[in-house]
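# Working through the structure, step by step
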Amino acid sequence: MRVQAALRKEDIEGRFMKNRDMTVEEALRKIAKLSPVKIVLSNVADKEQKIKKVQIEKKEKYFQIAEYTDKQVFHKNVDEEELISFCIEELGVNFLQLNAWMLRGEASLKLTKKGKLLFSLKKADNSALADEVRDNNRKKNYILEEGRVIEPLIDMGIFTKEGKIVAVKGDPEAPVNRGINCIKGYFNAKIMYGEDRITHPLLRVNEKGEFDKKGKFKQVSWKQAFDVMEAQFRKTYDELGPHGVGVLGSGQYTIPEGYTAVKLMKGGFRSNSIDPNARHCMASAAVAFMQTFGIDEPSGCFDDIELTDTIVAWGANMAEMHPILWARVSDRKLSDPDRVKVVNLSTYSTRTSNLADIEIIFAPSSDLAIWNYIAREIVYNHPEMIDEEFVKKHCVFTAGPVDIGYGLRPDIHHKKYAPSELDTAATEKSKVLSEAEGVTLSYLGLKAGDTLENKNAAKAGDHWQITFEEFKKALAPYTLDFTAKVAKGDPNEDINEFKKKLKALADLYIEKNRKVVSFWTMGFNQHQRGTWVNEQAYMVHFLLGKQALPGSGAFSLTGQPSACGTAREVGTFVHRLPADMVVGNPKHREITEKIWKLPAGTLSGTPGSHYVKMMRDLEDGKVKFIWVQVNNPWQNTANANHWIKAAREMDNFIVVSDPYPGISAKVADLILPTAMIYEKWGAYGNAERRTQHWRQQVLPVGEAMPDIWQMLEFSKRFKLKDVWGEKKLND
């Protein structure tokens, strides 16, 4: 694409190429509002291959489109809406993907008779695509099917043939991956065609073909599957009410799927019992965000990697778990190896340490002590490094209860506990303080050997404001000597060498002009004090004023493609609504009811059973219908022996939507075949708040259907009078 007249090449690059998260429509609208503007699209063609060039010129009150053929020119005048429609629908122009190539003069494009987009490379020797082109087409033409270029989380191009995906490649213009795919990206297409792919609904039936919980799986029609599912849902809903049924989802929902699930459950069935498996991981990060910022999601950007001087990985094996980001970290380190420092903190040595300047192996949970040590170094030994202006203007100091238990069953003698589990269960009620805990909790008047009664287990999120002096007093025990003794995780490491590493880590954070990014994932979030340790990261970055600045910040990485965009932004948690609103806030319910066009008072203000509690409720007979989507709860939930037994041996009905027969599918009573990522439209939201869309590339295998279709079809079987009556929620 060439842009002439008042717009220079560098203007276009500055205005558009840096905004790749815009939709095609948004980009074209931005162009349309510039004046004057003339856009020339070379080497395009209509279905009859007649048009050689299209010129779009902005006039005073309209846009003039000129279509050039060999013999004549066709003109038509259109308004902005018609222009957008023409560019997107008739020409199929994907402005954001093609802009860079066109500006560099390396490529032209046209639409073929079969609806394919044809790239002609003018400078193949210099093009980023040259090698791919030589391998695939001797004529130096690069062909993608219709639906040709997508930008999902993994940022790549999809190649199809005869209705199946046959190849994938990284997209060089993708803003996150930048042309690189991880192993998931490369194999996401291949796993769509496994021999054991579930292609039809499967129901446990007896010899007569009737549903039988003890029966064997047999292929059934979608109608029969929904008939049985509806009957079992109505049975449970009528017996136990809205919270007797539940949905277990995940951050692998697309944004539309998650939104549909929330709206169906909370607005339709008036049940708040929908929760993602992000409860196992990102819940810690989400609560810390809400308590720290009053709003959820990370405040950093992946571009901070290229801007920072220091990357510190806390319980995050990025080299293996976030290889695309680690490739960018590696590039940054190698670009300036003397200045850029990498530190890896872990409970054991990982591949991430291969690049690290410092590897710190710490004892499990002692990262809490390390953060407090760094904060103590700042407050006691380097108070001049505190960003006084930032702290005074934007921060307050708070504390919360320490007697909060561990999220186990409140009844430590629950009948479902095995004898071997009772000693662990007892810690939910109380525990005897260790020597180290006696030291760190001395500011509360506690000492080693005292019994800490967990009186605030139900109020773990409570917190209150304290003074800076109280904050400073609580940090006092965390000296270098004390912290090293508590935190050293490798018994073979010399204590003095370990101390040197801790001191070097603190120095990197404290150095005045050094930019620092702290990354973490499950090492923090699946911590027994996950919310605390998340908040400690912000504590240090806030004290230094190194938060949400280019190249600096505490950055929680997500483990699923849309844990941010779906689970959190959409609100697929038992206590949440979309847009960081919560069911317990009457004003939030009112706003949601207005947007959803629901009568006032429709939404329930009572949170449902969260992910783990839903499993416990299943075991206790309080939940008897669960629909599982985009996750594998009987594989990924601790104490799975409890939940598998409950699902298979008790009176309940389990529906699992899944493309493959994992553990949860085998536990189910009904399996619904689900379309996979490229067999449906969708969007994901990643850890830097970027929403990325993709189009369906191929039809689903067999009778598999998208989750969103399944939910909509199931919803059609109910009328308002069936589910909007008075229902008992709890005792």
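Residues numbered from 1 in each chain as written. Predicted model: local features only at pLDDT ≥ 70, side-chain atom pairs only at ≥ 80, totals over all residues. Heavy atoms only, no water.

## Digging into the overall build of the protein chain
Inclusion rule: By the criteria applied, helices consist of DSSP H or I runs no shorter than four residues and strands consist of E runs no shorter than two, each listed in order from the N terminus. A 1.4 Å probe rolled over the protein chains alone gives each residue an accessible area, and that area as a share of the maximum for its type sets the label: buried under 20%, exposed over 50%, partly exposed in between. Note on contacts: a residue pair is in contact if any heavy atoms of the two residues lie within 4.5 Å. Each accessible area is a Shrake-Rupley estimate made with a 1.4 Å probe; only the visible protein chains count as cover when residues are assessed.
The number of helices and strands found in the protein chain is 29 helices and 30 strands. Relative to its 731 residues, the protein chain shows a buried fraction of 53%. In the protein chain, the proportion of contacts linking residues at least 24 apart, taken out of those at least 6 apart, comes to 66%. Split by element, the accessible area of the protein chain, about 33,700 Å² in all, is 51% carbon and sulfur.

## Observations regarding the pairing of strand β28 (residues 670–673)
Cut-off, in case you're wondering: Two strands make a pair as long as DSSP finds a minimum of two bridges between them.
Here β28 shows a buried face lined by Leu670 and Leu672 and a second buried face lined by Ile671 and Pro673. As defined by bridge partners, strand β11 (residues 202–205) adjoins β28 across two bridges and the pair is classed as antiparallel. Opposite Leu203, over in β28, you have Leu670 as the bridge partner.

## Section: the sheet that holds strand β27 (residues 653–658)
The following threshold applies: Here an angle of 0 to 180 degrees is reported between the N-to-C directions of two axes, which are lines fitted to C-alpha atoms, with helices fitted over the stretch in contact.
Strands sit in the order β12-β11-β28-β27-β26-β13-β14 across an open sheet of seven strands; the sheet is mixed. Unpaired on one side and paired on the other, β12 (216–219) and β14 (274–276) mark the two borders of the sheet. In this sheet, neighbouring strand axes are inclined to one another by 20° on average, regardless of whether the strands run parallel or antiparallel. Pairing between β11 and β12: four bridges, direction antiparallel.

## Observations regarding the nonpolar core
Note on soluble globular proteins: their nonpolar side chains tend to be buried together. Note the following rule: Joining through side-chain atoms within 4.5 Å is the link that ties buried Ala, Val, Leu, Ile, Met, Phe, Trp, Tyr and Cys residues into a set, and such a set is a nonpolar core.
If you look at the biggest cluster of nonpolar residues, it comprises 53 residues, and the most contacted ones within it are Trp314, Trp371, Ile374, Leu505 and Tyr509. Grouped together as the second largest cluster of nonpolar side chains are 39 residues, Val205, Leu264, Met581 and Leu598 included.

## Section: the packing of aromatic side chains
Stated formally: Ring pairs are drawn from Phe, Tyr and Trp, using the six-membered ring of Trp, whenever the two centres fall within 6.5 Å, and their geometry is named by plane angle: stacked under 30 degrees, edge-to-face over 60, tilted for the rest.
With the rule as written, the count across this model stands at 35 aromatic pairs. With 6.4 Å between their ring centres and 35° between their planes, Phe226 and Phe714 make a pair best called tilted. Taken as a pair, Phe226 in helix α7 (residues 222–240) and Phe714 in helix α28 (residues 707–715) lie far apart in primary sequence, 488 residues in all. With a centroid separation of 5.4 Å and 45° between ring planes, the pair formed by Phe519 and Phe555 is classed as tilted.

## Structural notes on the packing of helix α8 (residues 255–268) against helix α22 (residues 563–571)
Definition in use: Left-handed describes a crossing in which the near helix is turned anticlockwise from the far one by less than a right angle; the clockwise case is right-handed. Three classes are used: nonpolar for Ala, Val, Leu, Ile, Met, Phe, Trp, Tyr, Cys and Pro, charged for Asp, Glu, Lys and Arg, and polar for all others, with Gly counted as polar.
In the contact formed by α8 and α22, the axes pass within 8 Å of each other and the chain directions differ by 35°. For the pair α8 and α22, the sense of crossing is right-handed. Here Ile255, Gly258, Tyr259, Val262 and Lys266 of α8 come into contact with α22, specifically with Gly565, Thr566, Val570 and Gly571. Grouping the amino acids of the contact of α8 with α22 by side-chain chemistry returns four nonpolar, four polar and one charged.

## Comments concerning the sheet that holds strand β17 (residues 358–361)
Here we have five strands laid out as an open sheet, ordered β17-β16-β15-β22-β23, and parallel in their pairing. Of all strands in the sheet, those bounded by a partner on one side alone are β17 and β23 (553–556). Strand-to-strand, the axes of this sheet are offset by a mean angle of 15°, without reference to chain direction. With five bridges connecting them, strand β15 (residues 310–314) and strand β22 (residues 516–520) associate as parallel partners. Paired with Thr310 across the strands is Val516, a residue of β22. In the packing of helix α13 (residues 367–381) onto the sheet, the strands contacted are β15, β16 (341–346) and β22, and the crossing angle to β15 comes to about 145°.

## Considerations on a nonpolar patch on the surface
Convention followed: Here, patches come from residues exposed beyond 30% relative accessible area and free of salt bridges, joined within 9 Å for like charges and within 5 Å for nonpolar side chains (Val, Leu, Ile, Met, Phe, Trp, Tyr). Within this document, salt bridges are pairs made up of a side-chain nitrogen of Lys or Arg and a carboxyl oxygen of Asp or Glu, the two lying within 4 Å of each other.
Residues Ile183, Tyr186, Phe187 and Ile191 make up a contiguous nonpolar surface patch of about 400 Å² in total accessible area. Looking at where Phe187 falls in the secondary structure, it is placed in helix α6 (residues 183–187). Under the relative-accessibility criterion, Phe187 is labelled partly exposed at 42%.

## A look at the environment of Asp275
Using the following cut-off: Pairs of N or O atoms are called polar contacts if they sit within 3.5 Å, as long as, within protein, a hydrogen donor faces a hydrogen acceptor (for residues adjacent in sequence, only side-chain-to-side-chain pairs).
Locating Asp275 in the fold gives a position in strand β14. Residues Asp275 and Phe573 lie 298 residues apart in sequence; the distance between their C-alpha atoms is 4.3 Å. Among the polar contacts listed, one links the side chain of Asp275 to the side chain of Arg279, at a separation of 2.8 Å.

## Brief notes about helix α21 (residues 530–544)
Test applied: To estimate the expected span of a helix, subtract one from its residue number and multiply by 1.5 Å.
The terminal C-alpha atoms of α21, which comprises 15 residues, lie 22 Å apart, in line with the 21 Å expected from a rise of 1.5 Å per residue. With twelve of 15 residues buried, α21 lies mostly within the body of the structure. Remark: Gly545 follows α21 within two positions and exhibits a positive phi of approximately 70°.

## Some details on the side chain of Glu688
Mapped onto the fold, Glu688 is located in the loop between β29 (682–685) and β30 (691–694). With relative accessibility at 8%, the residue Glu688 sits in the buried group. Side chain to side chain, Glu688 and Arg690 meet in a polar contact 3.0 Å long.

## What about unusual backbone geometry?
Phi angles above zero are rare outside glycine, and Arg178 is one such case at about 55°. Residue position: Arg178 is located in the loop between β10 (164–170) and α6. Although it is not a glycine, Lys597 sits at a positive phi angle of roughly 60°. Here Lys597 lies in the loop between α23 (586–595) and α24 (611–620).

## Side note on helix α18 (residues 480–487)
Residues of α18 that are buried include every one of Phe482, Thr483, Ala484 and Ala487, and no others. On the buried face of α18, the contacting elements are β17, α13, α16 (435–440) and α19 (495–510).

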